[in-house]
Amino acid sequence: MIPVLLAAIAASVPLVSGHASIWHKSMYGFNVTEQTFSYDNRPVAPLQDMTFDQWWFHGHIDFPPNEGDIFELPVGQPVTTEIGCNKGATTLFASSEGGDIQNGDDPCPGSPPSEYHTTGIDDVKGCALAIAYEPDVHNVKPEDFTIFSVNQTCVWHRFTDFQVPARMPACPEGGCHCAWFWIHSPDSGGEQIYMNGFKCDITGAKSDVPLAKPQVARRCGADPDHGKLDAAPGNCTYGAKQPLYWLQKEGNNMFEDYIAPPFYNDLYNFRDGAQDDIFQDSYPDGIPVPSPEQTIIPTPVNPAAAPAATASSSSSAAATAAPSSSSSVTSSATTSSPSSSASGPRPSARGFRRPTGHGGVPKRPITQTRKMR
């Protein structure tokens, strides 16, 4: 009798198509449907091999939120977001084509985890929120965004918390722009990036120290899946970091291969929670030029800021909620640290790179691995 009942319950939950997005009225493209564009450009649609105008803000800049719809970010506190494969899986179902299909904390009701590109909780790779202190969306550039919060268990839960750093300064008049970023595991589906922009505002600000200029993150954590058992903390990017722009026709700052994606976790020195070392005064002694041979690890002035990567860092985002050890290497040949110059050493070639200038690299089998040289 019980199996029959469970089957009946499962059958009553509508199946939801795969992929995922953050959902909030402050987002660009909130009411974009499958029919709005000549291709599927819903907020949940993945971004791959696209022109800049197509992937930047998901191509939704001309579909802004209504006046006054702003995502408030209180300093020093967590904010709860809703992530789903469909708007109908969230409390915002009223404007969804399919109506209310909410199912508790499930981001993708009626669908297996493979629909949001994971084999299980141990296979999630994290997602992140970034901020640009610019009220005019047309003035925001990729290098303006700074990652300020990471949740390494994303996108396992519909209700996903992001901790806001306590020292975030107030936004200018007119507010800020934020964006949600996600890159999933290569173990379940083809590789893409996800980006959804939204209007945001910092509330309760107590500090006026600006954010530092964000740098490109570097692959420096332990990466046992690709033969790198130990982290290289001297190769990390410390302080403010840009989002991971990857797999597009233009505008990339990551050039890893399909089989070794960049992630918002320890592998790139994005620790779980608030990124507390992103301010101009976070490293009063400066940040040394990162490299695999670098032995000097910078110490942030804020004791809550990210620690150095350790040999126990894992490339898996893990199911732990505790702050993780740091890690990260850059994949871009143009990467620099806040204290580096154009004449400084090139980022390590130990990262995984796609051939440059190739717009349509075929997907390799997901079981293929490659060891670092």
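Residues numbered from 1 in each chain as written. Predicted model: local features only at pLDDT ≥ 70, side-chain atom pairs only at ≥ 80, totals over all residues. Heavy atoms only, no water.

1. Some points on the pattern of salt bridges
Under the definition given, this model contains six salt bridges. Linking R158 and E82 is a salt bridge whose minimum nitrogen-to-oxygen distance equals 2.9 Å. Of this pair, R158 sits in the loop between β5 (146-151) and β6 (159-163) while E82 is found in strand β3 (residues 78-84), placing the two residues 76 residues apart along the sequence. Residue R158 shares its accessibility class with E82, and that shared class is buried. As a salt-bridge pair, D276 and R271 come within 2.9 Å of each other at their nearest N and O atoms. For D276, a relative accessible area of 9% puts it in the buried group. On the accessibility criterion, R271 (7% relative accessible area) is buried. (Salt bridge = Lys/Arg side-chain N within 4 Å of Asp/Glu carboxyl O. Helix = DSSP H or I, 4+ residues; strand = E, 2+ residues; numbered from the N terminus. Buried < 20%, exposed > 50% of the residue type's maximum accessible area, 1.4 Å probe, protein only.)

2. Some points on the state of the cysteines
The tally for this structure, following the rule as stated, stands at five disulfides. The side chain of C171 participates in a disulfide bridge whose partner is C176; the two sulfur atoms lie 2.1 Å from each other. Measuring handedness by torsion sign, the sulfur bridge of C171 and C176 sits at about -120° and is left-handed. Judged by relative accessible area, C171 falls into the buried class, the value being 14%. Given the relative accessible area of 0%, C176 is considered buried. Each sulfur of the disulfide joining C220 and C236 lies 2.1 Å from the other. Measuring handedness by torsion sign, the sulfur bridge of C220 and C236 sits at about 90° and is right-handed. Linking C220 in the loop between β8 (194-203) and β9 (273-274) with C236 in the loop between β8 and β9, this pair joins segments that are 16 residues apart in sequence. On the accessibility criterion, C236 (2% relative accessible area) is buried. Cysteines bonded in the protein chain are numbered consecutively along the chain; their disulfide partners then correspond to 1-2, 3-4, 5-6, 7-8, 9-10. (Disulfide = S-S within 2.5 Å.)

3. What about the sheet that holds strand β1 (residues 21-23)?
Strands sit in the order β1-β3-β6 across an open sheet of three strands; the sheet is antiparallel. Here the strands that pair on one side only, and so sit at the sheet edges, are β1 and β6. Averaged over neighbouring strand pairs, the angle between their axes works out to 50° when direction is ignored. Relative to β3, β1 is paired through three bridges, and the arrangement is antiparallel. Across the sheet, I22 pairs through a bridge with I83, a residue of β3. (Pairing = 2+ DSSP bridges. Axes fitted to C-alpha atoms, helices over the stretch in contact; angles between N-to-C directions.)

4. Quick word on the packing of aromatic side chains
This structure, assessed with the given rule, holds 17 aromatic pairs. Aromatic pair F52 and W56: ring centres 5.4 Å apart, planes at 20°, arrangement stacked. Residue classification places F52 among the partly exposed residues on the basis of a relative accessible area of 25%. A relative accessible area of 5% means that W56 is categorised as buried. Measuring from centroid to centroid gives 6.0 Å for W180 and W182, while their planes differ by 35°, and the two rings are tilted. (Phe/Tyr/Trp six-rings, centres within 6.5 Å; stacked < 30°, edge-to-face > 60°.)

5. Observations concerning the side chain of N252
The topology assignment puts N252 in the loop between β8 and β9. Separated by 3.3 Å, the side chain of N252 and the backbone nitrogen of L247 make a polar contact. Looking at N252, its side chain comes within polar contact range of the main-chain oxygen of Q248, at 2.7 Å. (Polar contact = N/O pair within 3.5 Å; in protein donor to acceptor, adjacent residues only side chain to side chain.)

6. Re the nonpolar core
Ranked by size, the top nonpolar core spans 36 residues in total, and within it L73, I131, F148, M168, W180, F198 and C200 carry the most contacts. Of all the secondary-structure elements, those providing two or more residues to this core are β1, β2 (71-74), β3, β4 (127-132), β7 (176-182) and β8. (Core = buried A, V, L, I, M, F, W, Y, C linked by side-chain atoms within 4.5 Å.)

7. Overview of the confidence of the model for the protein chain
In the predicted model, the protein chain carries a mean pLDDT of 80, and 73% of its residues have values of at least 70. Counting contacts from residues 1-17, a segment whose pLDDT is below 50, to residues more than four positions away or on other chains yields 19 contacts. Here residues 303-373 scores under 50 on pLDDT; set against residues more than four positions off or in separate chains, the count is 209 contacts. (pLDDT = per-residue confidence, 0-100. Contact = heavy atoms within 4.5 Å.)

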